[in-house]
Amino acid sequence: MTVKTRKKLIEVALPLEVINTESLRRKQKAPKGWPTSFHKWWAQRPLAAARAVIFAQMVDDPSEYVDTLLSFPEKRRTAERELKKRHALWKTRKAEFEAHDADVLDPGSEPTLEDCAADLERSRLFQIIEQIVKWDNTHNEIVLDQARSEIWQSWRRACADNADHPDAKQLFDRNKLPSLCDPFAGSGSIPLSAQWLGVEPYASDLNPVAVLINKAMIEIPPKFAGQPPVNPARDPHKHWKGAQGLAEDVRYYGQWMREEAQKRIGHLYPKIEITAEMAAERPDLKPYVGRELTVIAWLWARTVKSPNPAYRHVDVPLASTFMLSTKAGKEAYVEPVIENGGYRFTVLVGKPKDIEAARRGTKSGGSHSNFLCLMSGTPMPFAYLRSESRGGRMGARLMAIVVEGQRGRVYLEPTSEHEMLARKAEPDWKPEGEISHWPGRTNVVEYGLTKFSDLFTPRQLVALSTFSELVGEARERVKHESLVAGLADDNKSLTEGGRGAQSYADAIALYLACVVDRMVYYGSTISTWLPKDNALRDAMPRQALAMTWDFAEGNPLGKSSIDVLTCAESIASFLDICTPNAVATAMQLSAQEHFPAQKPCVFSTDPPYYDNIGYADLSDFFYVWIRHALKNVFPELFSTMTTPKTEELVATPYRHGGKEAAEKFFLDGMTKVMERITGQSHPIFPVTIYYAFKQSETDSNEAVASTGWETFLEAVIQAGFAVLGTWPMRTEGAGRMIASGTNALASSIVLVCRPRPANAATATRREFLNALKVELPSALTHLQRGNIAPVDLAQASIGPGMAVYTRYAKVLDAEGKQLSVREALALINQTLDEVLAEQEGDFDPDSRFAVAWFEQFGFAEGEFGVADVLARAKNTAVSGLVEAGVVHSRGGKVRLLKPNELPSDWDPATDARLTVWEMVHHLIRVLEAGGEAAAGELAAKIGVRAEIARELAYRLYTVAERKKRAAEALSYNGLVQSWPEIMRLARESTATSGPAQADMFV
């Protein structure tokens, strides 16, 4: 008996712009308590996207219950009012279109009552999504309960639909939602989002660091929800909600660790007394005379022997910059002073006379330039630096000391005492483990830093090992104080499922170990100083263990990103806002072997991106430390010296014996995972899979392809999935919207899949292509009417294209060979180009000329003769184009007029030769000069014909993106993205003209 299913919202529509805007906003500025500040991970899914996707994946699309909607009198009356309004608009638009050109302009299908009811209900669901994606609503139980209620209503409809199914007891428990399973849990964004929505998540990952993150974020908080802290300073009268008790104990025991560390290693971190002699040379130091200031960081430059024989005895600095602070009015810099056959560093405040030289440090200039010997100016290429470092001749020299002032940082000259003290530190323990060398990802190995202990100074090793050992001591202390506070003495650990004193002590130890890992993140020799922020930079600003030439050694007992109290506050802040609405499970499993959930469940996951990130190689940087702190708490999880790598599902050429072998490993492994998902996914729900494709390459036909993307799609299809849709999720800033040779703004997409029917037919290449040509135009129109950004259009169009391809068991070419994914994608993109080109039939002859000219020349000049031939072919003339204000023609040259060259007093109502091209570029001119309000006023004057301008903007974006004309592409993309607001403002502008005119912009 077949399970009765209903389409889910994500299979029909999503409010993409709302989701993407919130995702990008939080990526640029994460608020306090944001999970990304909990622990470093790579390629973290935006929480806004994860929440929206899970909600839309579990909620029915209104088209599936429109009859029920219309059975409610109030909803029916509302739909009837909407229908009346839409019908009047449709008639008005139809008359307007017919008055202009009945053959090419389309007013759209006549609206129906069912469409109106479904659209209104869909709009209501979109409003819920708009609220749940906002971080500020994390604690808003009204908003969250509304979302949970919708999920439950859809689930109960499914239970009612399948009450007679023979497996109803197994599949349709009316009192329990299916669990959500993420077999590549990583940073935990997806399981955490499910938990917020009241869905029980199962989070599994092969990587122990990822497992620890998920245990800390989703598994432990529900165990101790509402429990007060156990520390002796707790407030016995306070009501503790959620995980606030855990948060308070993390702060308390973090403070205890600091106090203990101060006793043991405080002598390694002395303060600096400001003397009158120091202030005599630096007037800015006068307020501090006689005071001892706490050091925030020591700034070091690596050194190598001078390549010049005359100075071979001198260790010369490798300083990427001499600027310490570039903040306006607070500039400070290092100035090297050469004397007595050597050099010393002095620190000066204010702007340097030669600011470019100060910014350059000892580099010759440019981001990839060689270094120069400070003593002789002799070039020191990177090959020389590698030779020196591998030969054990790379050292470090203290350049400056940063101390805590009254209003910000104060920079001081280095002292021999502080430099000698740092060198005398002798660690009793060092992290073990060799750094795997993945060229381009772990290039520290090329400079002789082959062990993880090589990435830390002796003083850093002493400090971090001390704090790691204090985690174990704190664990024993927490257990004792938990018993005093009244927790049960069940003698069961966290791994044994305990909820008493021992389990609670294990939990606090885990959080304190995460505190130490944050200290590691800022406390190595690959952490640098940011002059623009006056702050420490983390160890991995990109997905690599990259060599640094100067580094900042932070004070773990001071006040900066590395200090233990700041790091403890980052962990506690997350726990403060943590809302454990559902129990959760996090465990270590290989996705290729099995999943944790026993029953069919909802799947939403973010698998590895082919060869983009070496998770295991990078996470070893943290693993070697967290293992030292927690190996007695989680012995099975930390049974290996470094993270598991053999089974890691990443196409790593150096690990698998070459590119082809790595691709086969990835395809075979991902296919196995997808087959398991297919077999265990609940039949009611589609599967959602996040994927990014960034690495582009060119095939023999000069077509751009992405091996990782195609290999991943191949795995999805081989596993028996049909792709029903692809939703672009933007996670990059505006500066990345167009990047030569890379994919644009939408850096990842969400695939919506369901198992392909067992009786799926086989099709020929021609049948597949014919189906594409029939179905893609309407799908494209739907996407454009949904105002999807032009930059996202090609990726979103993959959805309906792959829906056609994957509905067949096979697509065979003329020789009977199966059409590959690469060939299918090429046909989809080809058809998309054809559909966009066919939309040019809606444009007037002048605009069709302009599009063709733009494709060939952009806004550059071309020969008059070429323009004349093209104009005749498009049924116009160059003289007419000049009259229309489209082109400039002079001296045998012709060019299109740029938006900023168009007349500011243009009025479409009085334009005798109005063109769509003019509409688009005047709207861009006004939008970029005066904003959306000004563009709205102009759109009101254009009237209903403005709609066709949006079609042209889509077309021109596609041309500009393909031709790598970034500035123009940004303008066209920006116009479409602003379109809903422009139309809203146009309605307001025409409201005084009467309802009929205003309704034209609905």
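Thresholds, definitions, all that
- Residues numbered from 1 in each chain as written.
- Predicted model: local features only at pLDDT ≥ 70, side-chain atom pairs only at ≥ 80, totals over all residues.
- Heavy atoms only, no water.
- Helix = DSSP H or I, 4+ residues; strand = E, 2+ residues; numbered from the N terminus.
- Rg over C-alpha atoms; globule rule 2.2 N^0.38 Å.
- Buried < 20%, exposed > 50% of the residue type's maximum accessible area, 1.4 Å probe, protein only.
- Contact = heavy atoms within 4.5 Å.
- Areas by Shrake-Rupley, 256 points an atom, 1.4 Å probe, with all protein chains shown as cover.
- Lys, Arg positive; Asp, Glu negative; His and termini not counted.
- Charge placed at Lys NZ, Arg CZ, Asp CG, Glu CD.
- Core = buried A, V, L, I, M, F, W, Y, C linked by side-chain atoms within 4.5 Å.
- Phe/Tyr/Trp six-rings, centres within 6.5 Å; stacked < 30°, edge-to-face > 60°.
- Lys NZ or Arg CZ within 6 Å of the ring centre and 35° of its normal.
- Pairing = 2+ DSSP bridges.
- Axes fitted to C-alpha atoms, helices over the stretch in contact; angles between N-to-C directions.
- 1 Å grid on protein atoms, 1.4 Å probe; cavity = no way out; pocket = protein on both sides within 12 Å on 5 of 7 lines; lining within 4 Å.
- Points joined across faces, edges and corners; volume = space filled by probe spheres on them.
- Nonpolar A, V, L, I, M, F, W, Y, C, P; charged D, E, K, R; others polar.
- Parallel < 35°, antiparallel > 145°, perpendicular 65-115°, else oblique.
- Left-handed = near helix turned anticlockwise from the far one by under 90°.
- pLDDT = per-residue confidence, 0-100.
- Disulfide = S-S within 2.5 Å.
- Bend = angle between axes of the 7 residues up to and from the residue.
- Polar contact = N/O pair within 3.5 Å; in protein donor to acceptor, adjacent residues only side chain to side chain.
- Salt bridge = Lys/Arg side-chain N within 4 Å of Asp/Glu carboxyl O.

**Considerations on the overall build of the protein chain**
Looking only at helices and strands, the protein chain has 32 helices and 28 strands in total. The C-alpha atoms of the protein chain give 32 Å as radius of gyration, which agrees with the globular expectation for 1002 residues (30 Å, within 12%). Based on the C-alpha atoms only, the size of the protein chain along its principal axes is roughly 85 × 80 × 65 Å. Considering the protein chain as a whole, with its 1002 residues, one finds that 57% of them fall into the buried category. When contacts within the protein chain are restricted to residue pairs at least 6 apart in sequence, those whose partners lie at least 24 apart make up 73%. For the protein chain, the exposed area adds up to about 40800 Å²; of that, 49% sits on carbon and sulfur atoms. For the protein chain, the distance from the average site of its 118 positive side-chain charges to the average site of its 127 negative ones is 2 Å.

**What to know about the nonpolar core**
Ranked by size, the top nonpolar core spans 153 residues in total, and within it F467, Y511, F621 and L630 carry the most contacts. Take this core: its biggest share by element is 17 residues, from helix 16 (residues 501-522). Excluding anything up to four places from it in sequence, Y511 contacts F38, A216, I220, P221, L246, V250, I571 and L575. The next biggest cluster of nonpolar side chains, apart from the first, holds 105 residues, and it includes L16, V916, A940 and L975.

**Topic: the packing of aromatic side chains**
Inspection of every chain in the model, using the stated rule, returns 32 aromatic pairs. With 4.2 Å between their ring centres and 35° between their planes, W853 and F857 make a pair best called tilted. With W853 and F857 both in helix 25 (residues 845-857) and four residues apart, the pair spans about one turn of that helix. What makes W853 buried here is its relative accessible area of 0%. Note on F854 and Y972: the rings are 6.0 Å apart at their centroids and 85° apart in plane angle, and the pair reads as edge-to-face. Of this pair, F854 sits in helix 25 while Y972 sits in helix 30 (residues 966-977), and the two are 118 residues apart along the sequence. Of the two residues examined, F854 and Y972, each falls in the buried class. Taken together, the aromatic side chains of W41, W42, W429, F456, Y521, Y522, Y615, F621, F622 and W625 make up a single cluster linked through ring pairs. Sitting over the ring of W196, R51 keeps its end group 4.0 Å from the ring centre. The residue whose ring lies beneath R965 is F854, and the NZ or CZ to ring-centre distance is 5.1 Å.

**Some words on the sheet that holds strand 27 (residues 887-890)**
Two pairing modes exist for strands in a sheet, parallel and antiparallel, and in both the strands are linked by backbone hydrogen bonds. Taken together, three strands build an open sheet; the order of strands is 26-28-27 and the sheet is antiparallel. Where the open sheet ends on each side, the last strands, each with one partner, are strand 26 (862-863) and strand 27. Summarising the sheet, strand 27 and strand 28 (residues 893-896) pair through four bridges and their orientation is antiparallel. The partner of S889 across the bridge, within strand 28, is V894. The sheet contacts of helix 25 involve strand 26, strand 27 and strand 28, and relative to strand 28 the element is tilted by about 105°.

**Comments concerning empty space enclosed by the protein**
Per the counting criterion, the structure on display carries five cavities of 30 Å³ or more. Volume-wise, the largest cavity comes out at about 370 Å³. Among the elements of the structure, helix 8 (189-196) and helix 18 (615-630) are those that each provide at least two residues to the lining of the largest cavity. Along the lines of polarity and charge, the residues of the lining of the largest cavity split into 17 nonpolar, eight polar and six charged. Looking at the second largest cavity, its volume works out to about 50 Å³. Along its surface, the second largest cavity is lined by Y269, Q460, A463, L464, M519, G523, G554, P556 and I562. In terms of residue class, the lining of the second largest cavity is made up of six nonpolar, three polar and no charged.

**Let's talk about the sheet that holds strand 9 (residues 342-349)**
Strand order in the open sheet formed by three strands is 7-8-9, with antiparallel pairing between adjacent strands. Each of the sheet's edge strands pairs with one partner strand only, and the pair in question is strand 7 (323-325) and strand 9. Neighbour-to-neighbour, the strand axes of this sheet turn through a mean angle of 30°, independent of strand direction. Pairing of strand 7 with strand 8 (residues 332-339) involves two bridges; the strand directions are antiparallel.

**What about the packing of helix 8 against helix 9 (residues 208-223)?**
Direction vectors running N to C along helix 8 and helix 9 enclose 25°, while the axes themselves pass 9 Å from each other. One way to sum up the angle between helix 8 and helix 9 is to call them roughly parallel. As for the relative orientation of helix 8 and helix 9, their crossing is left-handed in sense. Note on element contacts: helix 9 touches helix 8 through N214, M217, I218 and P222, opposite P191, L192 and Q195. Within the contact of helix 8 with helix 9, the residues separate by chemical class into five nonpolar, two polar and no charged.

**As for the confidence of the model for the protein chain**
Low-pLDDT portions of the prediction should not be read for the details of their coordinates. Averaged over all residues, the pLDDT of the protein chain equals 88, while 92% of them reach at least 70. Ignoring residues within four places in sequence, the model shows residues 694-705, a span with pLDDT below 50, making 26 contacts including any to other chains. In the model, residues 994-1002 has pLDDT below 50 throughout and makes 22 contacts with residues more than four positions away in sequence or in other chains.

**Re the state of the cysteines**
Per the counting criterion, the structure on display carries zero disulfides. Lacking any disulfide linkage, C753 is separated from the closest cysteine sulfur, that of C601, by 15 Å.

**Structural notes on the pairing of strand 16 (residues 550-554)**
Of all the five residues making up strand 16, five are buried; the element is thus mostly covered by neighbouring parts of the structure. Here strand 16 shows a buried face lined by D550, A552 and G554 and a second buried face lined by F551 and E553. Two elements, strand 5 (residues 295-305) and strand 16, share five bridges in a ladder whose sense is antiparallel. Following the sheet pairing, W298 is matched in strand 16 by E553.

**A short note on helix 9**
K215 marks the point of greatest bend in helix 9, at about 45°. Most of helix 9 is tucked away, with 16 of its 16 residues classed as buried. The residue sitting at the N-terminus of helix 9 and contributing the capping side-chain oxygen is N207; that oxygen lies 2.9 Å from the backbone nitrogen of V209.

**Here's the deal with the pattern of salt bridges**
Across all of its chains, the model carries 49 salt bridges by this definition. In this structure, E11 engages R754 in a salt bridge whose closest nitrogen and oxygen atoms are separated by 2.9 Å. In this pair, E11 is assigned in the segment before helix 1 (16-28) and R754 in strand 23 (residues 748-755), connecting sequence segments 743 residues apart. Residue classification places R754 among the buried positions, given a relative accessible area of 15%. For D868, the salt bridge goes to R872, with nearest N and O atoms at 3.1 Å. You can see D868 and its partner R872 sitting in helix 26 (residues 864-873), four residues apart, about one turn around the helix.

**Describing the packing of helix 10 (residues 244-265) against helix 15 (residues 458-485)**
At a minimum axis separation of 9 Å, helix 10 and helix 15 run at an interaxial angle of 130°. Considering their axes alone, helix 10 and helix 15 lie oblique with respect to each other. Relative to helix 15, helix 10 is oriented so that their crossing is right-handed. Here Y253, W256, M257, R258, E260, A261, R264 and I265 of helix 10 lie close against helix 15, whose contacting residues are V462, A463, T466, F467, L470, V471, E473, A474, R477, V478 and E481. Partitioned by chemical class, the residues of the contact of helix 10 with helix 15 number 12 nonpolar, one polar and six charged.

**So, the side chain of D620**
Within the secondary structure, D620 is located in helix 18. D620 sits in the buried class, given a relative accessible area of 1%. Among residues more than four places away in sequence, those in contact with D620 are F452, T642, T643 and K645.

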